[in-house]
Amino acid sequence: MTDVVHPTRRETSFGWMEVTVARGDEPLVERLGFERHGRAHQHDMWEHCRVVSGGGTIVVGDQRVKVKAGDTCQIPPRTDHWMEPEGWMEIVLMYTHPSA
């Protein structure tokens, strides 16, 4: 299956998000803008985060990771996580399947 590049911005409870690359219905790369705290959620894949601008805290399980522009954070599959901006935080996410 071919990867499709298609930025599609939509409003969310925390700000906005764009799926920038997808394989079928599965997002591979997303860009998110946080104006408010996100909500706890999980994925079946690894989530690799890079903070593009602003900063705040990325909560991963029971850890609170302080981040700023340029920082990265890896979130394991099936781990509760969410983002808490300090004013504003923009991140790019890349999802990868766990190794078998």
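Note that the structure is predicted; figures quoted are calculated from it, not measured.

Further remarks concern the nonpolar core. In terms of nonpolar packing, the biggest core is built from 17 residues, with I58, M83 and I91 touching the most fellow members. Secondary-structure elements contributing two or more residues to this core are β3 (26–34), β4 (46–60), β6 (72–75) and β7 (81–96). The element contributing the most residues to this core is β7, with five residues. Once residues lying within four places of it in the same chain are set aside, the contact partners of I58 are C49, Q63, R64, V65, V67, C73, I75, W82 and M83.

Below, the discussion takes up the pattern of salt bridges. Tallying each qualifying case throughout the model produces eight salt bridges. For E18, the salt bridge goes to R31, with nearest N and O atoms at 3.1 Å. With a gap of 13 residues between them, E18 in strand β2 (residues 15–23) and R31 in strand β3 connect regions that are remote in the sequence. By relative accessible area, which is 10% here, E18 ends up buried. Across the pair D71 and K68 runs a salt bridge whose closest N-O atoms are separated by 3.5 Å. Look at D71 and you get partly exposed, because its relative accessible area is 22%. A single network of salt bridges, built from pairs that share partners, joins R9, E18, R31 and E90.

Strand direction decides the pairing type here: β4 and strand β5 (residues 63–68), joined by six bridges, are antiparallel. Residue pairing for β5: V60 is matched across the bridge by Q63. Connecting the antiparallel pair β4 and β5 is a turn made up of two residues, with G61 showing a positive phi of about 60°.

Rules and cut-offs
Residues numbered from 1 in each chain as written. Predicted model: local features only at pLDDT ≥ 70, side-chain atom pairs only at ≥ 80, totals over all residues. Heavy atoms only, no water. Core = buried A, V, L, I, M, F, W, Y, C linked by side-chain atoms within 4.5 Å. Buried < 20%, exposed > 50% of the residue type's maximum accessible area, 1.4 Å probe, protein only. Helix = DSSP H or I, 4+ residues; strand = E, 2+ residues; numbered from the N terminus. Contact = heavy atoms within 4.5 Å. Salt bridge = Lys/Arg side-chain N within 4 Å of Asp/Glu carboxyl O. Pairing = 2+ DSSP bridges.

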